[in-house]
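What the coordinates show
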Amino acid sequence: MSSLNDCNDADNMVLVEEGASSRTIILNRPNVLNALLTPMLTNLVKATGLLVFYTKGNGRSFCAGGDVVTLYRLLSEGRVEECKECFRTFYSLMYRLNTYLKPHVAIMNGITMGGGAGLSVHGSFCIATEKTVFAIPEVLIGSHPDAGASYYLSHLPGHLGEYLGLTGGRLSGEELLACGFATHYIPSARLPLIEEQLRTLAVHDFSAMETFLAKHSEHVYPNENSILHRVETLNKCFGHDTVEEIIGALESEVAETNDEWCISTLKKLREAPPLSLKISLKSIQKARFETLEECLKREYRMSMRMISRQISNDFCEGVRTRLVEKSFAPKWDPPCLEQVTEEMVNAYFERISVDEPELELPNKLRKASHANV
């Protein structure tokens, strides 16, 4: 894609099927795991309206998030304003989903990562299956948990949110149900029947939708190797104020127990960009005391600082080495935690300049919609 705003074929990237009293929205870029471009986000906003709607993805993915490779290419060409528009549209859509006044059902049948996770958990109902693979891996490419991720990660039990946000750790459908991200678990073989009934079902309120989905849902539990069975160790290691203390706690656990999970977790943290680790931890910690609206506005500031490359080029370096060239040998800047200053971290939570507009969320739209219901 040459541009995030290139609308050629955009209608085919988001398919809309009209039902009797609802819409089915299908993300249709299976060759890139349904990664989102700005025209797709714009079409998603248009497709929501005031109807009950259902979101799914074609292929083996629900949605892998924003198309960061296209963002990288635009930044390399100096087309920063187009990147800003993508973030504005994306974050506004997350807020719209969270405040939507009709039921929204996200069918997470496959890879659900990054902003794709936001498309699901910000809505009212999330269906997980045995094929669901959920992760928030932004930190691994020099970014941070965004699109409202700092908000919902901070609301997980204990310090599971810090673990997921700093390591990009994955959750299964069973784990999503157990920790509360998924509202229902339905085997993928049943989905065609569920989707057909959803298209014809005259359900306009949340309680009726809950009743319908509950009839088809299964009670499942994480397997014995699940991270959710390591809550005590996880909280002990990730319940600290700084990244250095988290790493120190994991090192102590390794020295005492030689635990394989602690060893692999340490490896992930040591390979991640130090600056991203620090800003991401602070972001999740701050989110515990913020509304979603406040989180989205703060994350927008962070993303503007990130794409400005005034402090670090880690985002472009991460995308280039991990996703474009796939050399997997990024040179992070700063290269170690000791060189990440407090001033660097704090800058990500401040406006770049007084001339840089803040994120505006569709509050007026929500009030107008509420008046029409």
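The following refers to the structure shown. (Residues numbered from 1 in each chain as written. Predicted model: local features only at pLDDT ≥ 70, side-chain atom pairs only at ≥ 80, totals over all residues. Heavy atoms only, no water.)

**As for the environment of Phe-349**
Among the secondary structure elements, Phe-349 is positioned in the loop between helix H17 (342-347) and helix H18 (363-372). Residue Phe-349 is classed as buried on the basis of its relative accessible area, which comes to 12%. Phe-349 sits 67 residues away from Lys-282 along the chain, and the two C-alpha atoms are 9.5 Å apart. Non-local contacts of Phe-349, meaning those with residues more than four positions away in its chain, are made with Ile-279, Lys-282, Ser-283, Lys-286, Arg-298, Arg-301 and Met-302. (Helix = DSSP H or I, 4+ residues; strand = E, 2+ residues; numbered from the N terminus. Buried < 20%, exposed > 50% of the residue type's maximum accessible area, 1.4 Å probe, protein only. Contact = heavy atoms within 4.5 Å.)

**Quick notes on the packing of helix H11 (residues 231-238) against helix H12 (residues 243-257)**
It is at 7 Å that the axes of H11 and H12 come closest, and there the two elements cross at 135°. Compared by their axis directions, H11 and H12 come out oblique. Between H11 and H12, the contacting residues are Thr-233, Lys-236, Cys-237 and Phe-238 on the first element and Ile-246, Ala-249, Leu-250 and Glu-253 on the second. Here the contact of H11 with H12 is built from residues that sort into five nonpolar, one polar and two charged. (Axes fitted to C-alpha atoms, helices over the stretch in contact; angles between N-to-C directions. Parallel < 35°, antiparallel > 145°, perpendicular 65-115°, else oblique. Nonpolar A, V, L, I, M, F, W, Y, C, P; charged D, E, K, R; others polar.)

**A closer look at the nonpolar core**
Judged by nonpolar contacts, the single largest core of 51 residues is most densely connected at Leu-36, Leu-119 and Phe-315. Mapped onto this core, the elements with two or more residues apiece are strand S2 (22-27), helix H2 (38-48), strand S4 (61-63), helix H3 (68-76), helix H4 (80-98), helix H14 (274-287), helix H15 (292-308) and helix H16 (314-324). It is H4 that provides the largest number of residues to this core, a total of nine residues. The contact partners of Leu-119, leaving out residues within four places of it in the chain, are Leu-27, Leu-36, Leu-44, Phe-62, Cys-63, Leu-93, Met-94, Leu-97, His-104 and Ala-106. Listed in part, the 42 residues of the second largest apolar core include Ala-149, Val-243, Ile-246 and Cys-262. (Core = buried A, V, L, I, M, F, W, Y, C linked by side-chain atoms within 4.5 Å.)

**Let's talk about the sheet that holds strand S10 (residues 184-185)**
Ordered by their spatial adjacency, six strands build an open sheet running S1-S2-S3-S5-S7-S10, and the pairing between neighbours is mixed. One side of each edge strand has no neighbouring strand; the edge strands of this open sheet are strand S1 (14-18) and S10. Pairing geometry for strand S5 (residues 104-108) and strand S7 (residues 125-128), over four bridges, is parallel. Opposite Ile-107, over in S7, you have Ile-127 as the bridge partner. (Pairing = 2+ DSSP bridges.)

**A short note on unusual backbone geometry**
Glycine aside, negative phi is the norm for most residues, and most peptide bonds take the trans geometry. Cis peptide bonds are those with omega within 30 degrees of zero, and the linkage from Asp-333 to Pro-334 qualifies with 0°. Structurally, Pro-334 is set in the loop between H16 and H17. Within the chain, Lys-326 stands out as a residue other than glycine whose phi angle is a positive 55°. Within the secondary structure, Lys-326 is located in the loop between H16 and H17. With phi around 55°, Phe-328 is a residue other than glycine that occupies positive phi space. For Phe-328, a relative accessible area of 53% translates into the label exposed.

**Focus: H3**
Along H3, seven of the nine residues are buried, which leaves the element largely enclosed by surrounding structure. The set of residues buried in H3 consists of Val-68, Val-69, Thr-70, Leu-71, Tyr-72, Leu-74 and Leu-75.

**Things to note about H4**
Between its terminal C-alpha atoms H4 stretches 28 Å, which fits the 27 Å expected from 19 residues at 1.5 Å a residue. In terms of burial, H4 is largely enclosed, as 14 of its 19 residues are buried. (Expected span 1.5 Å × (residues − 1).)

**Brief notes about the packing of aromatic side chains**
Here a ring pair, both rings aromatic, is described through the centre-centre distance and the interplanar angle of the planes. Here the structure, examined in full by the defined rule, presents seven aromatic pairs. Note on Tyr-163 and Phe-238: the rings are 5.6 Å apart at their centroids and 80° apart in plane angle, and the pair reads as edge-to-face. One end of the pair, Tyr-163, is in helix H7 (residues 160-167); the other, Phe-238, is in helix H11, and 75 residues separate them in sequence. What makes Phe-238 buried here is its relative accessible area of 0%. On the numbers, 5.5 Å between centres and 45° between planes, the contact of Tyr-163 with Trp-261 is tilted. Of this pair, Tyr-163 sits in helix H7 while Trp-261 sits in helix H13 (residues 260-271), and the two are 98 residues apart along the sequence. Looking at Tyr-163, the relative accessible area reads 6%, which means it is buried. Residue Trp-261 is classed as buried on the basis of its relative accessible area, which comes to 10%. Its end group placed over the ring of Phe-349, Lys-282 keeps NZ or CZ at 4.8 Å from the ring centre. (Phe/Tyr/Trp six-rings, centres within 6.5 Å; stacked < 30°, edge-to-face > 60°. Lys NZ or Arg CZ within 6 Å of the ring centre and 35° of its normal.)

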